[in-house]
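Architecture at a glance
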Amino acid sequence: MKFGQVATETAEGAILAHSQSLASGRLPKGHRLTAADLVRLSAEGIPSVIACRLDPGDLTEDEAAERLASTIEPTGLRCSPASTGRVNFYARENGLFLADKVTVDGFNAVDPAMTLACLPDRRDVRAGDLVATIKIIPLVVAGASVEAAAVILKKGTAFEVTPYRAYQVHLVATQLASLKSSVMDKTARVLEARLSASASSLVSERRVAHRAEEVAQAIRAALDDAGAKSDPPPLIIVFGASAVADAEDVIPTAIRLAGGVVEQVGLPVDPGNLLVLGHIGEVPVIGAPGCARSPKENGFDWVLNRILAGHPPDRAEMTGWGVGGLLMEIPSRPLPRLAATADADPAALGLVVLAAGRASRMGEGGRHKLLAEFEGEALVRRTVRQAVEAKLGPVTVVTGHRSVEVAEALAGLGAHIEENADFASGMASSLKAGLAAVESEGLPGMMVLLADMPNVSSADLVALAEVYRKASGKAIVRAVSGGQRGNPVILPAATFEALKALEGDIGARPVIESAGLAVIDVEIGPAARLDVDTPEAILAAGGILKG
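Overview of the structure. As the structure is a prediction and not an experimental result, all values here were calculated from the model.

Reading the values: rules and limits
- Residues numbered from 1 in each chain as written.
- Predicted model: local features only at pLDDT ≥ 70, side-chain atom pairs only at ≥ 80, totals over all residues.
- Heavy atoms only, no water.
- Buried < 20%, exposed > 50% of the residue type's maximum accessible area, 1.4 Å probe, protein only.
- Helix = DSSP H or I, 4+ residues; strand = E, 2+ residues; numbered from the N terminus.
- Arc of directions from axis to C-beta.
- Core = buried A, V, L, I, M, F, W, Y, C linked by side-chain atoms within 4.5 Å.
- Contact = heavy atoms within 4.5 Å.
- Expected span 1.5 Å × (residues − 1).
- Pairing = 2+ DSSP bridges.
- Salt bridge = Lys/Arg side-chain N within 4 Å of Asp/Glu carboxyl O.
- Lys, Arg positive; Asp, Glu negative; His and termini not counted.
- Axes fitted to C-alpha atoms, helices over the stretch in contact; angles between N-to-C directions.
- Disulfide = S-S within 2.5 Å.
- Phe/Tyr/Trp six-rings, centres within 6.5 Å; stacked < 30°, edge-to-face > 60°.
- Polar contact = N/O pair within 3.5 Å; in protein donor to acceptor, adjacent residues only side chain to side chain.

Turning our eyes to something else, we now look at helix H3 (residues 101-110). Of all the residues in H3, the buried ones are Thr103, Val104 and Phe107. Mapping the buried residues of H3 onto a view down its axis gives an arc of 100°, with all of them on the same face. Seen from the buried face of H3, the exposed residues on the opposite side, beyond 90 degrees, are Lys101, Val102 and Ala109.

This is how it looks when you write it as structure tokens:
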């Protein structure tokens, strides 16, 4: 490939490195110049362009991306068409994402022009989740590099999704006077929510005294219920009323008394240290740590998900979980999808109103655009009220700059306020704060609204949501005005991992453009593009400047 300035008269067949604006219409970046294009360029007095010329054997970015993607075994995966040199891979079904670091690192070592990024090995994923992406950095790459990388991908399995298998789960819970029955009831509900991703079912529950002999008897009874050749296969989970303190404590002793083998007592994952793993014949038995009574991710999830995916961990694997095993100190980590049962609505939404910006274009004087009044109502309250009255799902308002005053303006609306301490870093941090709130509700879609758009109505939001519902929650839905993109926008779960990777003062646009999902535009008129960033814009839109 040759990159640089190319005289217009000799540029036929070259690929534009940057978009070129012309009075007769824009030529986009990556466009291969034709003879007709050269006539247009010359007519407008453009003597040269910055472009790439292909050497023999070179491939364009999309050709290279498609070639590499075609060598990936599609186990549990689907991929997007190549666009701007990128192919995204998504999980076809709920399961365990597996990645081979040696293969991925080998691919990335071939040529820095070609990159492969994916989720961490053995990550719990849902159908539609973005799990990996291949990106070609330049517009053209050497065919020899592509071939070398393809050989590496063919030799090993870079990544795959192993689907979860349904199990018949038997719960044994021990009782002490200090443990309320309501806590045990909640434990069963939380466990059922965890099992929903694999279509597993909780088929029995036995509550017994916190004594090894009685726990062993309950385990044997569960095995009797399951039978010799149960399909789905059985899994036994024991919740102790008291934490495991020793390898000879009640739960590990009960597993041995029931005829089983204890493989591990203790786990280098926090929360989740006090887990016990054993088996009776081929039936796994998990002694759950107390933290597994909560839906928050912990070591119990790591063990359970591997069993459900047919990759039960052994002692060597579990003892290697220390690096990355500290989960409590990761505030951005979302809760498991507690509400995401097998019959959950795939088009269910959480609404996020972004109201954290510094209003830097309002000039001096301390005025905040979100506190400007429209028809006697603060702008931020007007926007959030429309979101609440649409009755589409829970509404989260992400605040930052002058958060106390913004929150006061929203009093009584019933929206959840999420303060973003990192708002000064830009919009990406606010998007991620809102997304964390949506995921904590177990919702598979997020509608993003900007707080400074005074004319977006509840009816507009309902219209967007209806289109999203007709697409079964599998498309990006965007408000437009006269065909020009605007806001709000609805983002399905397939975009969530990419949203979490955003940094700085950037919105969701790059995710929308690279997601490989259908983008459905919904015409809502001028409201889709009217935001008020300056005092002049507020006055022109009919607002009154306030503090």
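Now that the structure is up, let's keep going.
All right, on to the nonpolar core then. Val380, Val384, Met446, Met447, Leu491 and Leu499 are the most contacted members of the largest nonpolar core, which has 69 residues in total. Each residue touching Val384, except ones within four places of it in the same chain, is listed here: Val353, Val395, Val397, Leu410, Leu413 and Ala415.

Moving on, we come to helix H4 (residues 143-155). The periodicity of an α-helix, 3.6 residues per turn, causes residues three or four positions apart to be oriented the same way. For H4, spanning 13 residues, the distance from its first C-alpha to its last is 19 Å, which sits close to the expected 18 Å at 1.5 Å a residue. Residues of H4 that are buried include every one of Gly143, Ser145, Val146, Ala149, Ala150 and Leu153, and no others. For H4, the arc enclosing every buried residue in end-on projection is 150°, short of the 170-degree limit, so these residues lie on one face. Relative to its buried face, H4 has exposed residues pointing more than 90 degrees away, namely Ala144 and Lys155.

Next up on the list: the sheet that holds strand S2 (residues 15-16). The strand order across the open sheet built from three strands is S1-S3-S2, with neighbouring strands paired in antiparallel fashion. Since the sheet does not close on itself, it has two edges, and those belong to strand S1 (2-7) and S2, each with one partner. The sheet contact formed by S1 and strand S3 (residues 48-53) spans six bridges and is antiparallel. Among the inter-strand pairings, Lys2 is bridged to a residue of S3, identified as Arg53.

Here we take up the pairing of strand S24 (residues 445-450). Counting buried residues in S24 gives six out of six residues, a clear majority hidden from the surface. Across the two faces of S24 the burial is the same, with Gly445, Met447 and Leu449 and Met446, Val448 and Leu450 all buried. Sheet analysis places strand S19 (residues 350-355) next to S24, joined by five bridges and oriented parallel. Following the sheet pairing, Gly350 is matched in S24 by Met446. As paired strands, S24 and strand S26 (residues 484-492) are joined by four bridges and run antiparallel to one another. The residue of S26 that forms the bridge with Val448 is Val489.

The residue Gly76 is located in the loop between helix H2 (61-69) and strand S5 (77-79) in this model. Judged by relative accessible area, which is 13%, Gly76 ranks as buried. Sequence-wise, Gly76 and Gly106 are 30 residues apart; in three dimensions their C-alpha atoms are separated by 22 Å. Those residues in contact with Gly76 that sit more than four places away from it in its chain are Tyr90, Ala91, Arg92, Glu93 and Val161.

On to the pattern of salt bridges. All told, the structure shown has 25 salt bridges when counted by the stated rule. When the shortest N-O distance is used, the salt bridge between Glu503 and Lys432 registers 3.3 Å. Taken together, the residues Glu503 in the loop between helix H14 (496-500) and helix H15 (509-514) and Lys432 in helix H12 (residues 427-440) connect sequence positions 71 residues apart. Residue Lys432 is classed as partly exposed on the basis of its relative accessible area of 22%. Among the ionic contacts, a cluster of salt bridges with common partners joins Asp121, Arg122, Arg306 and Glu317.

Moving on: the side chain of Glu61. Secondary-structure assignment places Glu61 in helix H2. For the buried residue Glu61, which engages in no salt bridge, the nearest side chain bearing the opposite charge is Lys135, 4.5 Å off. Residue contacts for Glu61: discarding those within four places in its chain leaves Thr84, Gly85, Lys135, Ile136, Pro138 and Leu139.

Next up on the list: the sheet that holds strand S9 (residues 123-125). Adjacent strands of a sheet form backbone hydrogen bonds with each other and so pair up, either parallel or antiparallel. With antiparallel pairing, three strands are arranged side by side in an open sheet as S9-S7-S12. Either end of the sheet is taken by a strand with one partner, and the two such strands are S9 and strand S12 (159-163). Sheet twist, expressed as the mean angle between neighbouring strand axes with direction ignored, is 35°. Here five bridges tie strand S7 (residues 95-99) to S12, and the two strands are oriented antiparallel to one another. Across the sheet, residue Gly95 finds its bridge partner in S12, namely Pro163.

A few words on the state of the cysteines. Applying the stated criterion to the full structure yields zero disulfides. Distance from the sulfur of Cys79, which forms no disulfide, to the nearest cysteine sulfur (Cys118) is 15 Å. Cys79 sits in the partly exposed class, given a relative accessible area of 41%.

What follows covers the packing of aromatic side chains. Enumeration over the complete set of coordinates arrives at four aromatic pairs. Here the aromatic rings of Phe239 and Phe300 are separated by 6.2 Å at their centres, their planes lie at 55°, and the arrangement is tilted. Placement of the pair is Phe239 in strand S15 (residues 234-239) and Phe300 in helix H8 (residues 299-308), with a sequence separation of 61 residues. The same class applies to Phe239 as to Phe300, namely buried. Three or more aromatic residues joined by ring pairs make a cluster, and in this case those are Phe89, Phe97 and Phe159.

Among the structural elements, Tyr468 can be located in helix H13 (residues 458-470). For Tyr468, a relative accessible area of 0% gives the class buried. When the C-alpha atoms of Tyr468 and Ala316 are compared, they prove to be 46 Å apart, with 152 residues separating the residues in sequence. When sequence neighbours within four positions are dropped, the list of residues in contact with Tyr468 reads Pro346, Ala347, Leu349, Pro444, Gly445, Gly473, Ala475, Val477, Ile490, Leu491 and Pro492.

Within the secondary structure, Arg256 sits in helix H7 (residues 250-257). Judged by its relative accessible area of 34%, Arg256 falls in the partly exposed class. As for Arg256 and Ser204, which are separated by 52 residues in sequence, their C-alpha atoms are 21 Å apart. Other than its neighbours up to four places away in sequence, Arg256 contacts Ala247, Glu248 and Val262. From its side chain, Arg256 meets the backbone oxygen of Ala247 in a polar contact 3.2 Å long.

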